[in-house]
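# An overview of the molecular structure
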Amino acid sequence: MKAPRGHLFVEHQNKQRFTMRVAFVSIILFSGLQVFLLFLAGFVYFWIKYEDEVTASGESLGFVIGESKEDVYSKVFANLAALSGKREEIFISIEVDSNLSPKVGVDEGFQVLMQTYMHPVGTKEFMEKDVWKFYLNASRFNVVKLTFCNDKLCEIYRHRKVFEIP
């Protein structure tokens with residue numbers, strides 16, 4: 001006895017649905033794998049490009065441990081500007097006072113980043129400090145900190161997180 005004709009049609013529809021489900025799941029899994037691999041590649045890239053180094057002896061970034069404040073001040077702009085082979089803009093953090101507040105439009109007491117060229121006019125202010133912190137290209141993810149002990153350079157700290165895609 002032959003099977004009813006409608007039975008074959010229902011069996012064919014079930015196979016078709018199963019095939020569609022498998023294709024849909026495969027596409028979702030493949031897309032998920034691609035997204036995962038993209039995030040993994042990004043994580044590896046950022047991890048490789050992350051810098052957090054402290055130099056307490058020798059030389060780093062064109063500075064030599066043991067140099068005087070005057071020697072460091074005279075070459076800090078050139079050394080920091082040359083870090084990436086292109087012109088870097090160098091910023092320092094300052095607290096806004098009553099004289100500066102109306103000129104920059106920021107309330108007193110706020111810390112703001114201001115661009116510096118390390119001209120001789122600022123020598124006295126820097127000589128009074130034992131820690132000089134510079135923000136390259138106004139980024140808090142690209143920092144150089146120079147620490148002085150007894151008016152001699154004793155530590156060079158470099159912190160950099162790269163968030164640009166090559």
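Residues numbered from 1 in each chain as written. Predicted model: local features only at pLDDT ≥ 70, side-chain atom pairs only at ≥ 80, totals over all residues. Heavy atoms only, no water.

### A closer look at the overall build of the chain
For clarity, the cut-off: A run of DSSP states H or I qualifies as a helix once it reaches four residues; a run of E qualifies as a strand once it reaches two. Both are numbered from the N-terminal end. Buried residues are those whose accessible area, probed at 1.4 Å on protein chains only, stays under 20% of the maximum for their type, while exposed residues exceed 50% and partly exposed ones sit between those limits. The criterion used for residue contact is that any of the two residues' heavy atoms lie within 4.5 Å. Surface accessibility follows the Shrake-Rupley procedure with a 1.4 Å probe radius. Residue values consider only the protein chains on display as shielding.
Scanning the chain from terminus to terminus reveals four helices and eight strands. When the helices and strands of the chain are read in sequence order from the N terminus, they spell out α-β-β-β-α-β-α-β-α-β-β-β. Every one of the 166 residues in the chain was classed for burial, and the buried ones make up 25%. Taking the contacts inside the chain whose residues are at least 6 apart along the sequence as the reference set, 52% of them involve residues at least 24 apart. Just so you have it, the chain exposes about 12,000 Å², and 60% of that area is on carbon and sulfur atoms.

### What about the environment of glutamate 128?
Here glutamate 128 shows up in the loop between helix H4 (123–127) and strand E6 (131–136). Classification of glutamate 128 as exposed rests on a relative accessible area of 54%. The spatial distance from the C-alpha of glutamate 128 to the C-alpha of aspartate 151 is 9.3 Å, given a sequence separation of 23 residues.

### A closer look at the pattern of salt bridges
This is how the line gets drawn: A pairing counts as a salt bridge when a side-chain nitrogen of Lys or Arg comes within 4 Å of a carboxyl oxygen of Asp or Glu.
For the coordinates displayed, the defined rule picks out five salt bridges. With a shortest N-O distance of 2.5 Å, glutamate 67 and lysine 75 are connected by a salt bridge. Given the relative accessible area of 14%, glutamate 67 is considered buried. Its relative accessible area of 22% is what places lysine 75 among the partly exposed residues. In this structure, aspartate 130 and lysine 69 form a salt bridge, with 3.1 Å as the shortest nitrogen-oxygen distance.

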